[in-house]
Amino acid sequence: MDKIRIHGPCRLEGRVRASGAKNAVLPEMAATLLVDGPVTLRNVPVVRDVQTMVKVLGHLGRRQVTFEGDVLRLEGGAAGEPEAPYDLVRTMRASILVLGPLLARLGRARVSLPGGCAIGARPIDYHIDALRRMGATIAIEHGDVVATASRLKGAEIVFAERTVTGTENLMMAAVLAEGRTILKNCALEPEVADLARFLNACGARIEAEGTGRIVIDGVDRLRGTEHRVIPDRIETATFLIAAAATRGGITVERCDPTHLETVLDKLQECGVVLRVDGDTIRLEPNGPLRGVNITTRPYPDFPTDLQAQFMALMTRADGVSIVTETVFENRFLHVGELRRMGGRIVVDGQTAIVAGPAPLSGAPVMASDLRASACLIVAGLSAEGETVINRAYHIDRGYERVEIKFQALGARIERVGG
Ligand code: EPU
């Protein structure tokens with residue numbers, strides 16, 4: 001099993017290019033099940049979750065998927081097989097994104113029910129309740145979600161809580177449904193908007209104005225198109241946070257600063273200078289790092305997917321910072337590992353209190369999930385001595401060539417096998 005080895009501390013310097021957004025391309029790949037004709041997706045990150053989705057689509061009968069450079073081409077017919085099996089779904093919860101498209105396209109779907117994961121129970125009840133409101137019959141049988149519908153019918157649906165993949169699944173179900181669907185209290189994440197843009201380019205009729213209300217008028221068919229995936233805001237901010245933690249100066253290119261306003265504000269509050277110029281962000285140190293408080297909430301608030309990385313930064317900052325996680329109930333697994341590296345952190349329920357600055361020292365640590373791995377990279381880069389992150393496969397799910405990109409910024413980081 002691969003590990004990531006880091007020799008710290010270092011000061012990150014240089015330029016790095018943002019990859020395409022994993023959480024935008026995954027629903028877009030699932031959406032191709034709805035489309036007749038070839039689809040080309042550009043700016044696709046080469047990460048393991050994308051490769052898993054290629055396998056899921058292959059299993060569902062997409063005729064040909066080719067992935068060269070950052071271009072993914074899907075040719076041939078739409079869905080043929082309505083079943084997404086456990087072996088694939090258990091490795092990636094986002095496989096649930098095929099439920100809406102399969103049901104809309106084939107009138108039936110059998111998708112293994114994703115279990116809980118390291119960061120929380122993560123039920124999919126909002127997806128199921130909403131699809132039932134569109135006329136689907138849904139049962140849980142032998143660990144699978146089994147859904148049928150002759151043709152889904154437009155409905156008015158109010159999500160009890162904002163859910164990213166729930167909004168995406170319902171949007172995909174509604175594009176081929178009969179009549180108008182109105183979704184309320186939808187997720188506002190840029191990845192949801194990118195999916196709407198992609199579907200509209202295929203001929204869907206979706207009005208998503210960023211207010212949480214999405215109106216979809218069903219059409220009979222969707223045609224192929226070309227689409228450029230938005231840059232990955234979480235990867236972009238991970239580089240910026242790592243640079244801030246190492247007191248370095250970096251430029252992230254080909255990113256979208258407008259997707260990161262809350263995060264950039266927080267970074268400036270803790271003592272860095274940021275210069276935004278079109279699709280680049282330049283970060284430089286500006287005096288000592290100061291502790292600031294963050295609370296994760298759905299977009300446009302501070303993203304849960306950056307909480308762990310930000311906490312690693314806060315161990316380096318002067319004073320006390322309070323980190324509150326409100327999206328997932330168990331997303332503090334990195335705390336124990338940061339403590340092993342010398343972080344002074346106390347957890348009280350959904351709140352972590354970080355006392356800084358702590359002199360971090362390298363240690364062998366264990367990655368528990370994707371973003372926890374990124375947090376340990378941030379910590380390892382600013383710690384004294386060697387850090388070895390076990391279970392590097394977590395990082396490969398969502399960060400493209402992570403060690404190569406950090407090497408280019410001057411980090412002493414490498415992948416080791418075994
Ligand atoms: N929830 C329910 N029932 C549902 C759906 C959600 O109770 O039917 C709860 C969840 O348990 C959670 C909250 O609602 O407490 C929000 O979860 P959401 O549904 O928005 O999360 P998701 O769609 O499963 C996506 C991302 C995650 C990201 C979250 C929050 C994808 C493929 N995944 O997950 O990304 O953390 O939104 O922003 O888009 C990651 O990339 O590392 C990652 C975990």
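Okay, so let's go over this structure. Computed from a predicted model, the values in this text were never measured in an experiment.

What follows is about the pairing of strand β19 (residues 280-285). Both strand β17 (residues 249-253) and β19 contribute to a ladder of 3 bridges, which runs antiparallel. In the sheet register, valine 252 faces β19, and the bridge partner there is isoleucine 281. Note that strand β18 (residues 272-277) and β19 share 6 bridges and pair antiparallel. Paired with leucine 274 across the bridge in β19 is leucine 283. Connecting β18 to the antiparallel partner β19 that follows it, the hairpin turn spans 2 residues, and glycine 278 within it adopts a positive phi of roughly 60°.

The next subject is the site of the ligand. Inspection of the region around the ligand gives 21 residues, with Asp125, Thr163, Thr165, Asp305 and Val327 positioned closest. One of the side-chain N or O atoms of asparagine 23 is found 3.1 Å from an oxygen atom in the ligand. Between the ligand and arginine 371 there is a distance of 2.8 Å, counted from an oxygen atom to a side-chain nitrogen or oxygen. Relative to its free-state accessible area of 820 Å², the ligand is covered by the protein chains to the extent of 88%. A per-element tally of the shell around the ligand places helix α5 (residues 125-133) first, with 3 residues. Its residues assigned to classes, the shell around the ligand comprises 8 nonpolar, 5 polar and 8 charged.

Time to look at the pattern of salt bridges. By the definition in use, this model includes 23 salt bridges. Aspartate 220 is the salt-bridge partner of arginine 151, the closest N and O atoms lying 3.7 Å from each other. Of the two residues, arginine 151 sits in the loop between β10 (144-148) and β11 (156-158) while aspartate 220 sits in the loop between β14 (214-217) and β15 (222-223), which places them 69 residues apart along the sequence. Across the pair lysine 405 and glutamate 235 runs a salt bridge whose closest N-O atoms are separated by 2.7 Å.

The rules behind these values
- Residues numbered from 1 in each chain as written.
- Predicted model: local features only at pLDDT ≥ 70, side-chain atom pairs only at ≥ 80, totals over all residues.
- Heavy atoms only, no water.
- Pairing = 2+ DSSP bridges.
- Helix = DSSP H or I, 4+ residues; strand = E, 2+ residues; numbered from the N terminus.
- Near = heavy atom within 4 Å.
- Polar contact = N/O pair within 3.5 Å; in protein donor to acceptor, adjacent residues only side chain to side chain.
- Areas by Shrake-Rupley, 256 points an atom, 1.4 Å probe, with all protein chains shown as cover.
- Nonpolar A, V, L, I, M, F, W, Y, C, P; charged D, E, K, R; others polar.
- Salt bridge = Lys/Arg side-chain N within 4 Å of Asp/Glu carboxyl O.

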